[in-house]
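Topology and contacts: notes
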Amino acid sequence: MEQVRKEEKDNPLASANLLSKIFFWWLNPLFRIGHKRKLEEDDMYNVLPEDESERLGEELQGYWNREVQQAAKDHRPPRLEKVLVQCYWRSYALIGIYIFIEEVIKVIQPMLLGNIIEYFEKNDRTDTAAVHDAYRYAAGITLSSISLSVLHHLYFYHVQREGMKIRVAMCHMIYRKALCLSSKAFAKTTTGQIVNLLSNDVNKFDEVTLYLHFLWIGPLQAATVILLLMYAIGPSCLAGMAVFFILMPVQTMFGRLFSSLRADTAVLTDDRIRTMNEVIAGIRVIKMYGWEKPFAALVDEVRRMEISKIMKSSYLRGLNMASFFVANKIIVFITVCVYVLTGNQLSASRVFMAVSLYGAVRLTITLFFPFAIEKVSESLISIKRIQNFLLLDEVAPQHLGLPISDKKDCLVKILDLICHWDKMLEAPTLQNVSFTVGPGELLAVIGPVGAGKVRAVYQDADIYLLDDPLSAVDAEVGRHLFEECICGLLRKKPRILVTHQLQYLKAVDQIVVLKQGQMIARGTYSDLQGSGLDFTSLLKDEEGQEEDRKTATPIPGTLSRLPHTLSDNSISSLSSSRCSLIKAPDPNKVVVQPTEEESRSEGNVGLHMYVKYFRAGSNFLVLFILILLNALAHITFVLQDWWLACWASEQKHINVTEPLNGSLPRQLDLDLYLGVYAGLTATSVVFGFLRSLVFFNVLVRAAQTLHNSMFNAILRTSVHFFDINPIGRILNRFSKDIGYLDSLLPWTFVDFIQVFLQVIGVIAVAAIIIPWILVPVAPLLAVFLFLRWYFLQTSRDIKRLESTTRSPVFSHLSSSLQGLSTIRAFKVQQRFQEMFDEYQDLHSEAWFLFLTTSRWFAVRLDGICSIFVSITSFGCIYLRDGLEPGAVGLALSYAVTLTGMFQWGVRQSAEIENMMTSVERVVEYAELESEAPWETEKRPPHDWPEAGSITFDRVNFSYSASERLVLKNLTVVFPSREKVGIVGRTGAGKSSLISALFRLAEPEGRIMIDGFLTSEIGLHTLRQKMSIIPQDPVLFTGTMRKNLDPFRQHTDEDLWNALQEVQMKAVLEDLPNKLETILTESGSNFSVGQRQLVCLARAILRKNRILIIDEATANVDPRTDSLIQQTIRDKFQECTVLTIAHRLNTIIDCDRILVLDAGRIQEYDEPYVLLQNQEGLFYQMVQQTGRAEAASLLHTARQVYMNKKRVADVHCAKDIRVIFETSL
């Protein structure tokens, strides 16, 4: 579990004054730190009390609970959107005041601009009163620009913070719900879906809050602008506004289509992330089976369908953005056409006032209003998905125990218990179960696999529930746990022990025997031993053998390990005054690896990263065409306005000069001006649409390529990578980072390029009209470049911190879902909820800084723009001689657009650089060091290995170059067809030996199978020729057929025969879909034992000459263990079998025993021979099982040895007779 940051830092916003809040001065100290060094988590400010996860979540949860209760009374489904409105409408509505004032100023500004241009249209520009009025109008434009800057950023800061609050509250509720889900509910959802809710769906609240106010601002502003346009140019404006109102439903339709595609995409994303979750969780098994290709095909297929939807939605976005880009051009073109064709003459003041008014309303109507509809549609889809999740069934509320004063001696009493794992199934999981456990009593629950034992465990205060903690530890540690902990420290408590370790049954007070979900026997050991029931077949006859384990001698060096083992398994339960459950140790972790801190690159995202990104999407020719399209689109964009200015100026000249000459009025060549104007408009429209569509195509293809590269790299990297990186961290790259690449980064890139080229156009036009404006522009540019450099030093670190503080949220969610039964058993849901809130608060600290630093930067950029607008406005008036009204109108109308546009474009460039860290993170994983190739030119014969002999020659092994050796100078031969048991303490190197054999990391030295060096052949060639029954039975979501035979290499008859061999055929035949039965996530609709039998069936199907059993029977009952062992003897008689086991009785009849300690071979011989050496490690391990068990093991070893000797003698006698007869 990744730790939450400890050091705290007060948030300076809490004590900032009004001006500091408006201009974000309170952030200056943070920027100074970011300028000096890399920012760390300790530099982040605490979340404000009103932004804390627990406070926000509980508030929203209260509203939701009341809505659920009210809906039940009204006989209607609860509505989550109603709850959100009730909780947040007041605070959100108040923020609307900022945007209202901002939009009013936006409408006033074009009127001031029109008045300045009117001054230039007058013949006498020396009128002092007129000049003073012009200066006043210029001052008004300057002040309006400054006001717009302040109000705009105050609005967006507050709505983004409101969106953050909703997202955080919703995440709190989702996690809280996840902790309460019933088993029935888990059948309807997956880890992938829950991760997707937290990674993608909740982000819609960050987006929808930005634009929601424009749903009412848009129509209001449009109505105001129509009135002003009617005053300026008369009814001709209605033609232009008609285009606006045509575009609105078109863009609304785009929004609906987009939300529909988003809903489809979300389902596919859920599926992909769920599959990824299973692949990452089961990667060790996938690699040892050599199953990378079918899983790659599975993910590729889901991703292909997902990217198809994303591409369609991206094209819609492209059309949407292009329509925004060209809308103003079409509207002005239609307005001008109607205006001049109805007999009016162009006037620069009227035209550019109209252009500015259209510009003021354009952003609202063609961008923000459709965005509002689109985001509301998307949010409703996400709200529906979250609502469905929140309405899933929950487990019954747990009783948290009596007050200390009310506590008495506790007992457990269960009477005629009937319970269902899934009520859709006819047969209950448990039925007719009755027993009582009083204070100081120990009850053992036993039975074969699938009898209903991870499910017969119930709990109350002061009761200890022990879920088979003795299986996956060696005999000495198991004995210590049983005697010192279960029968020692816990002796006064009621204890229920689920176990397969039958050697402990004599020491318990009661035994309950379960079979097929029913209690078939109950009583003491002696009562049940003679009962004649199934109990007797589960036990060995130990009558007359006295169990005295006190004489066992501990092995030197093992006691030092005990405190760690006990702390993992039991000490935490001993400190609890309430119910505890001791789980079996997690068998997944073969070698405990320290979790590495997530990498976080520093400095700029290099140019090479941008090249990699674009090259992933297309070749150089397509990129060249894309650059050309962008350039042509914006050249025609500027030329269209330039032509309009020339037209207006020419019209003024005609109006002024002809009356002075006294000649007949000269008519303007309307066809020429209209024709050129129409051509430029059409060209800008065509290029505008083309470049958007091509741009989106290139960037979405880049996302697809990078995802595939990352996934393939993940599949091909070594297992060490998965040991040191939590699953949540890896999933974060496949969910959040790929989510950025799929949708947000392409949109941001297209938007930035569009704005950047427009800014270049504005400055170029101003410089051509007033060349000296370049003099003040130069220092402004220098200030801008410094600000951007200064800002990005801090911004990059904050964005990277935001990414790395997000990972623990997902890791905590994934680990919580995996260990949910344990969390509930310990009744620590509240603690885990608090930890989740702490992780959320840590992420909120980074996110809050990301929002506020962006606004700090934007306010200052808009300040630069306001200076530029001021210089342009006053400069035009000061240098009024020789300036044309059309040119002035063009320069000023372009300059005022710079105020919002420039800062947006620069912030988008910073946002691109921030989001390019996601590309960087994806590329980092896409370039992971690969394992050896799956196939090589050197291939052994098709029937290799024919004999199955394995040789280790001076083998050293570690999981990475930087880690210590876990196998040291190993030299051993496993002869063909021999059965070898591998034993040793925890950490002795048993599983590492198997890892070396499968080349999960590359060993030093030589490992040969039938004379072939394993290092010279492909990994798939090697791994697919060995079968393994893993320590943890891993099944995957999908059909039983796919779990048995993912390559479809076997017939149905083969599959049924394999299931018959492991006695699973009857289980499958009872299910309606038989081989097509869908396994839930991780195969959780089968018991652990049944899953292990499926793994055995896989091994039978593969028909390989080498079988490895990695503690496969640790968690199964003796009958299933016996079944597995017998099946191995029968089906793998001609195979070389290596068995790792803690339970010595499972390997005592092997041909040889290999004893490992600290990565070295201590002993290697036949079991009986090893037991003759009383100083030997194996002898001491046997003795530690207790006198009775040790005697039984010695007896079995002697019997096997004598049988082999007898057979060998017979063969020897035959050989002698043949030699004798031959000699005769």
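Refer to the structure above for everything that follows.
Here's what I pulled together on the structure shown here. (Residues numbered from 1 in each chain as written. Predicted model: local features only at pLDDT ≥ 70, side-chain atom pairs only at ≥ 80, totals over all residues. Heavy atoms only, no water.)

**Describing the packing of helix H12 (residues 292–341) against helix H22 (residues 727–769)**
Look at H12 against H22: their axes get within 11 Å of each other, and the N-to-C directions meet at 20°. One finds that H12 runs roughly parallel with respect to H22. Seen from above, H12 lies across H22 with right-handed handedness. Only Ile738, Asp742, Ser743, Leu744, Trp747, Val750, Asp751 and Gln754 of H22 make contact with H12, whose side of the interface consists of Arg303, Glu306, Ile307, Ile310, Ser314, Arg317, Met321, Phe324 and Phe325. In terms of residue class, the contact of H12 with H22 is made up of nine nonpolar, three polar and five charged. (Axes fitted to C-alpha atoms, helices over the stretch in contact; angles between N-to-C directions. Helix = DSSP H or I, 4+ residues; strand = E, 2+ residues; numbered from the N terminus. Parallel < 35°, antiparallel > 145°, perpendicular 65-115°, else oblique. Left-handed = near helix turned anticlockwise from the far one by under 90°. Contact = heavy atoms within 4.5 Å. Nonpolar A, V, L, I, M, F, W, Y, C, P; charged D, E, K, R; others polar.)

**With respect to the packing of H22 against helix H23 (residues 774–818)**
The N-to-C vectors of H22 and H23 enclose an angle of 165°; their axes lie 11 Å apart at closest approach. One element, H22, and the other, H23, form an angle in the roughly antiparallel class. Once H22 is placed against H23, the crossing between them reads as right-handed. For the pair H22 and H23, the contacting residues are Ile727, Gly728, Arg729, Leu731, Asn732, Lys736, Asp737, Tyr740 and Ala767 in the first and Leu774, Lys799, Glu802, Ser803, Arg806, Ser807, Phe810, Ser811, Ser814 and Gln818 in the second. Here the residues of the contact of H22 with H23 are counted per class, giving six nonpolar, seven polar and six charged.

**Section: H22**
Here H22 spans 60 Å end to end across 43 residues, near enough to the 63 Å set by a 1.5 Å rise per residue. With respect to burial, H22 is a largely interior element, 35 of its 43 residues being buried. (Expected span 1.5 Å × (residues − 1). Buried < 20%, exposed > 50% of the residue type's maximum accessible area, 1.4 Å probe, protein only.)

**Observations regarding the sheet that holds strand S13 (residues 1012–1013)**
Read from one edge to the other, the open sheet built from four strands follows the order S10-S9-S12-S13, with strand pairing classed as antiparallel. In this open sheet, the two strands that pair with only one neighbour each are strand S10 (967–974) and S13. With five bridges joining them, strand S9 (residues 950–957) and S10 adopt antiparallel strand pairing. From the neighbouring strand, Phe952 faces S10, where its bridge partner is Val972. On the sheet, helix H27 (residues 990–997) packs against S9, S10 and strand S12 (1004–1009) and is oriented at approximately 110° with respect to S9. (Pairing = 2+ DSSP bridges.)

**Describing the sheet that holds strand S17 (residues 1106–1110)**
Spatially, the six strands line up as an open sheet ordered S14-S17-S18-S11-S19-S20, and their pairing is mixed. Taken across any chain shown, the strands that pair with only one partner, and hence form the sheet edges, are strand S14 (1026–1029) and strand S20 (1160–1165). Strand-to-strand twist of the sheet, defined as the mean angle between neighbouring strand axes without regard to direction, takes the value 20°. Note: strand S11 (residues 979–983) against strand S19 (residues 1152–1157), four bridges, orientation parallel. By the bridge assignment, Ile982 is partnered in S19 with Leu1154. Strands S11, S14, S17, strand S18 (1136–1140) and S19 of the sheet are contacted by H27, whose axis makes an angle of about 140° with S18. Docked against the sheet, helix H32 (residues 1088–1102) engages S14 and S17, running at close to 170° with respect to S14.

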